[in-house]
Each structure stands twice: as C-alpha cells, then as structure tokens.
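Each chain, written out:
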Amino acid sequence: MSAFHLDVHDAEVVAVENHREAKRLILRLRTPDGTDALLEFSGVEDVELGPFREQNVLLDLYVWSASREGTSERCRELEIPARCTRAILAGELVLYEIDSSVGLGGYVLAKDARGAHGRESNLSIESGR
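Scope of this entry: the structure provided in the associated data block. In this text, all values refer to a predicted model and were calculated from it rather than measured experimentally.

## Here we look at the overall build of the chain
Scanning the chain from N- to C-terminus turns up two helices and eight strands. Listing each helix as α and each strand as β along the chain from the N terminus yields β-β-β-β-β-α-α-β-β-β. Burial statistics for the chain: of 129 residues in total, 40% are counted as buried. Taking the contacts inside the chain whose residues are at least 6 apart along the sequence as the reference set, 59% of them involve residues at least 24 apart.

Here it is in structure tokens:
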C-alpha cells in the first residue's frame, strides 16, 4: 500500500535532505514519467536509511501505525527500539518503511508525512510547508 496517494513504485530517489533542527526529512524523487515529486516527513524521531548509491529506485512505501494489523510484529522484524514501538502503538509516531528495488531503503519514524508532485515538489523547507 503506497502512502499519500503518491505512487512511488519505480520512482528514483535523487536527493535526501535532513533538517535535524526542524525534525524534517525530505526525499526528492523522479517518477518514471520524468516528473519531480517529494516525500516530506515531519516530527522525525528516528531514521535508518542506506545504502545511497548511484541509482536508488523505490519499490513501495509502507505505513505502519497503531491502527494497522501487524504493526507490532513489523516493528520487531525491523528491530525498532522498544520505546519507539511503544510510541507507534500509542499513536504518537508512524513507521514509514521504504522498500527499494535498488539502493536506498530503510525506515523513518515520524509524526506525519506528505507527498507532492510537480510544482509542489519544489517547495523549500524554509517555506514552512
């Protein structure tokens, strides 16, 4: 299941922006049809991503939350720290699992996330969006 109504299948991650102080992480994408898109995570508490290679193609993005069956088991499989798992199951955080075909994969633990296509994907973190 893809998140945000943004189909990330076969999109390439072309840049990763980590804004530690703002607790934001942005993945800039190029979709198979050549358009730009982004995934922006806010309220980021933990990130595990790698490896970033010459080519980084996504398979899918899975959203694991308190309301989704199997979340506890998936947290265990991904070796999410116990305190973070408790926060996910309490509805305070969401686990966004990034499944890759090639290159960059991993997860982001954040309070929220959004996706955007086209002109919206050119928003800067300073714009507050």
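## Some points on the packing of aromatic side chains
In the structure shown here, the tally under the stated rule is one aromatic pair. Taking the ring centre of Trp-64 as reference, the NZ or CZ of Arg-68 above it sits at 3.8 Å.

## Details of helix α2 (residues 82-89)
Of all the residues in α2, the buried ones are Cys-84, Thr-85, Ala-87 and Ile-88. Down the axis of α2, the buried side of the element spans an arc of 160°, and every buried residue falls inside it. Every exposed residue of α2 that faces more than 90 degrees away from the buried side is listed here: Arg-83 and Arg-86. Once α2 finishes, Gly-91 follows within two positions and takes phi at roughly 80°, a positive value.

About the cut-offs
Residues numbered from 1 in each chain as written. Predicted model: local features only at pLDDT ≥ 70, side-chain atom pairs only at ≥ 80, totals over all residues. Heavy atoms only, no water. Helix = DSSP H or I, 4+ residues; strand = E, 2+ residues; numbered from the N terminus. Buried < 20%, exposed > 50% of the residue type's maximum accessible area, 1.4 Å probe, protein only. Contact = heavy atoms within 4.5 Å. Phe/Tyr/Trp six-rings, centres within 6.5 Å; stacked < 30°, edge-to-face > 60°. Lys NZ or Arg CZ within 6 Å of the ring centre and 35° of its normal. Arc of directions from axis to C-beta.

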